[in-house]
Amino acid sequence: MNIDRSACEALHIRKKFAIREGPAGESMKKTDLIPMQSQSADARSTLDVGRNLKALRRDRDVSLSRAAAACSVSAATLSRIENGRLSPTFDVISKICDGFGVGLRDLLGNSQRSDLGGWSALTKAGTGRTIETPQYRFELLCDDALAKPFLVFRADILCRTIEEYGPLQSHSGQEQIVVQTGRVEVWVEQYKPRLLDAGDSIAFDSRLGHAVLTVGHDGPAKVVWICDSQETV
């Protein structure tokens, strides 16, 4: 079943996670979901994905089972997200965007749009909308400019070992990281891990598996992260 794809950009972020058995023997990815109580109040208030997902699905008259098949996410998972019982990881958000053919901003509920040829956007420090995953805490920067062909995040790097991080991520597109504070170790498939200090930068093909880890014990390293926001065929 194919859900009609919109003209909006789709953000494709792919991860592979270990499988465990969920309720009633249902297969569920163990890091698909973060309990709502584990996220900050700011994250909950800025990430009302469930309400927007339900509206998107109903507008298209798509059942939970059909949406689940299109998004490669279980119907039980989608139901829990829609009812506010659990908040999705960034991976699951991206799969939903992919399945419905919408962009990240559409699912997060930012409907500001302009057809003007010239545009500008501003995010004051600490005011960007937040997405938290087991690996990263992202703050979206200037995401109200839908004409922008890239996405920029300020990110805290939460994991310190590759074992804690889990399998490398891979997805279509390209990305670049600029270290702001602390030291990070960047893993990119086919390359040896590389250490980056504040001011250092790395760019890579997102189709290669990759991970970013904090090095040291002075709190999470902080980076600016730039990636494609356009759908790649």
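Each value, and the rule that gives it
- Residues numbered from 1 in each chain as written.
- Predicted model: local features only at pLDDT ≥ 70, side-chain atom pairs only at ≥ 80, totals over all residues.
- Heavy atoms only, no water.
- Salt bridge = Lys/Arg side-chain N within 4 Å of Asp/Glu carboxyl O.
- Helix = DSSP H or I, 4+ residues; strand = E, 2+ residues; numbered from the N terminus.
- Buried < 20%, exposed > 50% of the residue type's maximum accessible area, 1.4 Å probe, protein only.
- Pairing = 2+ DSSP bridges.
- pLDDT = per-residue confidence, 0-100.
- Contact = heavy atoms within 4.5 Å.
- Core = buried A, V, L, I, M, F, W, Y, C linked by side-chain atoms within 4.5 Å.
- Phe/Tyr/Trp six-rings, centres within 6.5 Å; stacked < 30°, edge-to-face > 60°.
- Arc of directions from axis to C-beta.

## So, the pattern of salt bridges
And then number 1: Per the counting criterion, the structure on display carries seven salt bridges.
And then number 2: The shortest N-O distance in the salt bridge between Arg57 and Glu82 comes to 2.7 Å. Here the residue Arg57 occupies a position in helix H2 (residues 49-59), and Glu82 occupies one in helix H4 (residues 75-82), the gap between them amounting to 25 residues. Across the pair, Glu82 and Arg57 agree in class, each one buried.
And then number 3: Among the salt bridges present, the one from Arg183 reaches Asp197, with a minimum N-O distance of 2.7 Å. Of this pair, Arg183 sits in strand E9 (residues 183-188) while Asp197 sits in the loop between strand E10 (194-196) and strand E11 (201-205), and the two are 14 residues apart along the sequence.
And then number 4: If you follow the salt bridges from partner to partner, you end up with Glu132, Arg137, Asp156 and Lys222 in one network.

## Comments concerning the pairing of E11
And then number 1: The alternating pattern of E11 places Ile202 and Phe204 on a buried face and Ser201, Ala203 and Asp205 on a face that is not buried.
And then number 2: Where strand E8 (residues 174-181) lies against E11, five bridges are found, and the strand directions are antiparallel. By the bridge assignment, Glu175 is partnered in E11 with Phe204.

## A closer look at the confidence of the model for the protein chain
And then number 1: Summary statistics for the protein chain give a mean pLDDT of 75 and a share of 68% for residues scoring 70 or more.
And then number 2: Predicted confidence for residues 1-47 stays below pLDDT 50, and this span has 127 contacts to residues more than four positions away or in other chains.
And then number 3: Note on residues 111-116: pLDDT under 50 across the span, and five contacts to partners over four residues away in sequence or across chains.

## Let's talk about the nonpolar core
And then number 1: Counting 44 residues, the largest nonpolar core has Ile96, Phe100, Ile157, Val184, Val212, Val223 and Trp225 as the members making the most contacts within it.
And then number 2: Residues contacting Ile157, with those up to four places away along its chain left out, are Gln135, Tyr136, Val184, Val212, Leu213, Thr214, Pro220, Ala221, Val223 and Trp225.

## Observations concerning the packing of aromatic side chains
And then number 1: Taken as a whole and assessed by the stated rule, the structure comprises five aromatic pairs.
And then number 2: On the numbers, 5.8 Å between centres and 65° between planes, the contact of Tyr136 with Tyr165 is edge-to-face. With a gap of 29 residues between them, Tyr136 in strand E6 (residues 136-141) and Tyr165 in helix H7 (residues 162-165) connect regions that are remote in the sequence.
And then number 3: The buried category is assigned to Tyr136, whose relative accessible area is 1%.
And then number 4: Tyr165 gets classed as buried once you look at its relative accessible area, which sits at 3%.
And then number 5: Measuring from ring centre to ring centre gives 4.9 Å for Tyr136 and Trp225, while their planes differ by 75°; the resulting arrangement is edge-to-face. One end of the pair, Tyr136, is in strand E6; the other, Trp225, is in strand E13 (residues 221-228), and 89 residues separate them in sequence. Across this residue pair, the class does not change: Tyr136 and Trp225 are buried.

## Observations concerning H2
Residues three or four positions apart in an α-helix share a direction because the helix packs 3.6 residues into each turn.
And then number 1: Residues of H2 that are buried: Val49, Gly50, Asn52, Leu53, Leu56 and Arg57. Buried residues in H2, looked at end-on, bunch into an arc of 165°, giving them a common side. Those residues of H2 that are exposed and angled more than 90 degrees off the buried face are Arg51, Arg58 and Asp59.
And then number 2: Two residues or fewer past H2, Asp61 is found with a positive phi of approximately 55°.

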